[in-house]
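Structural overview
Here is how the chains run, residue by residue.
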Amino acid sequence: MEQFEPNDLLIFAHVAEAGSFSRAAERIGLPKSTVSRRISVLEDRLGERLMLRTTRRLTLTELGEHLLTHARQVADEVEAVRVLAEHRQTRPTGRLRVSMPGDFATLLLSEMLADYIARHPAVTLQLDLSPRRVDLLGEGFDIAVRTGALPNDALLAARRLALFPIGLYAAPRYLAEQGDPAIPEDLLRHRALGLVGRDGETAPWTLTAGTAHWEGLPEGRTAANSPDILTRLAGAGAGIAAVPDCYAAHDLAQGRLRRVLPAWSLPAQTAWAVFPGRRLMPAKTRTFIDMLEAALGGAPGNLPPGNLRPE
């Protein structure tokens, strides 16, 4: 004997409301034979008939009338869940946990974050602005904004948000005092403001100009894991910094920074939105990533964004 299934209550409710196995089968998208068999299984499990079948109509038995009350409650709850799911897909709700570099949030995303908060009042936004790489699944994050190469992880997916060109920048007064480099080798006579990578080491400068290539790192007593502070230090005359163009754009326009070796550039930096790899994405996550892409795609000096990895 087949076991009783809660879904059989839903089928019973549809049959009772429709007054016909055929009409009920059409409404719920099942073969008529399946609907009839599930009702028979339910009756066998309960040990009594639920409805009397004639060629013209269905009549509920006393047990059928009592059971219909409970079956309708189940159907109402299922419908409520369906409506809730549709509502969440069209109207972002719930808590959204996001990890991103503090520099990004402060310099590039303040307006976007405020706009998201204003547009989606049913979402509680929780930001982690620490430089560490959070464990999205283990720590319950919905999105992480990351830069550079991504490790392979079958449990995660990513969307490319922006591609940021990187150049060398220094204050005009620093260059006036120390000299303006004419070729990459001249950099070795200058002070470098180094960027510390995730491995704790100061990354060398890899410069290209067409097919020409140069790699090295001038001596320097200052390094940080924040492009924003490196940009500020360069503007204060502390040395030459290699930072994304978008970080230097404002100071460049104000005359506080100058591009060093403008014909040469470092490898562009990719910004990614990383999220749990699932086919069904909550509306709160989808709308946030869309706004991220729009905001970063319009950042000064950014190259056109696009999808590089499947979601």
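Before any of the text, the structure's been laid out above.
Notes on the structure in this doc start here.

Here we come to helix α9 (residues 227–235). Every α-helical turn comprises 3.6 residues, leaving residues that sit three or four positions apart pointing alike. Here α9 has its buried residues at P227, D228, L230, T231 and A234. Down the axis of α9, the buried set is contained in an arc of 165°. They therefore lie on one face. At its buried positions, α9 is contacted by α5 (102–108), β6 (156–170), β7 (192–195), β10 (222–224), β11 (240–244) and α10 (245–254). Immediately beyond the C-terminal end of α9, within one or two residues, lies G237, with a positive phi of roughly 90°.

Put simply, the largest pocket is a space of about 1,000 Å³. Along its surface, the largest pocket is lined by 41 residues, and T147, L195, V196, R198 and Q269 are the ones closest to its centre. For the lining of the largest pocket, the secondary structure elements donating two or more residues are α5, β5 (143–147), β8 (205–209), α9, β11 and β13 (266–276). Element by element, the count of residues in the lining of the largest pocket is highest for β13, at five residues. Class assignment of the residues belonging to the lining of the largest pocket gives a composition of 22 nonpolar, twelve polar and seven charged. Considering only enclosed or pocket space, the second largest pocket measures out at about 230 Å³ in volume. In terms of lining residues, the second largest pocket is bounded by 13 residues, among which L107, D228, C246, Y247 and H250 are the most central. Put simply, the parts of the chain that give the lining of the second largest pocket at least two residues each are α5, α9 and α10. Across the lining of the second largest pocket, the residue classes break down as six nonpolar, three polar and four charged.

Okay, helix α6 (residues 110–119) next. Considered for burial, the residues of α6 that qualify are M112, L113 and Y116. Along the long axis of α6, the arc covered by the buried residues comes to 100°, so they all point the same way. Facing away from the buried surface of α6 by more than 90 degrees, the exposed residues are E111, I117 and A118. If you follow the buried residues of α6, they end up packed against β3 (94–99), α5, β4 (123–128) and α11 (283–297).

Rules of the game
- Note on numbering: residues in each chain are counted from 1, in written sequence order.
- Given that the model is predicted, a residue must reach a pLDDT of at least 70 before its local features are reported, and side-chain atom pairs must reach 80 or more before they are shown or counted; all residues, however, enter totals for whole chains, interfaces and linings.
- Calculation of side-chain values draws on the structure's entire complement of heavy atoms; hydrogens and water are dropped beforehand.
- Type-normalised accessible area, obtained with a 1.4 Å probe on protein chains alone, sets the label of each residue: buried when under 20%, exposed when over 50%, and partly exposed for intermediate values.
- Each helix is a run of DSSP H or I of at least 4 residues and each strand a run of E of at least 2, with the numbering of both proceeding from the N terminus.
- Directions drawn from the helix axis to the C-beta atoms are what define this arc.
- In this analysis, two residues are considered to be in contact whenever any of their non-hydrogen atoms come within 4.5 Å of each other.
- Computed over the protein atoms alone on a 1 Å grid, cavities are sets of points where a 1.4 Å probe fits but cannot get out and pockets are open sets with protein on both sides within 12 Å along at least five of seven lines; a residue lines them when it has an atom within 4 Å of a point.
- Grid points are joined across faces, edges and corners, and a volume is the space filled by probe spheres set on the points.
- Residues are grouped as follows: nonpolar covers Ala, Val, Leu, Ile, Met, Phe, Trp, Tyr, Cys and Pro; charged covers Asp, Glu, Lys and Arg; every other residue, Gly included, is treated as polar.

It is worth stressing that arrangement in space is one thing and function is another; only the former is reported here.
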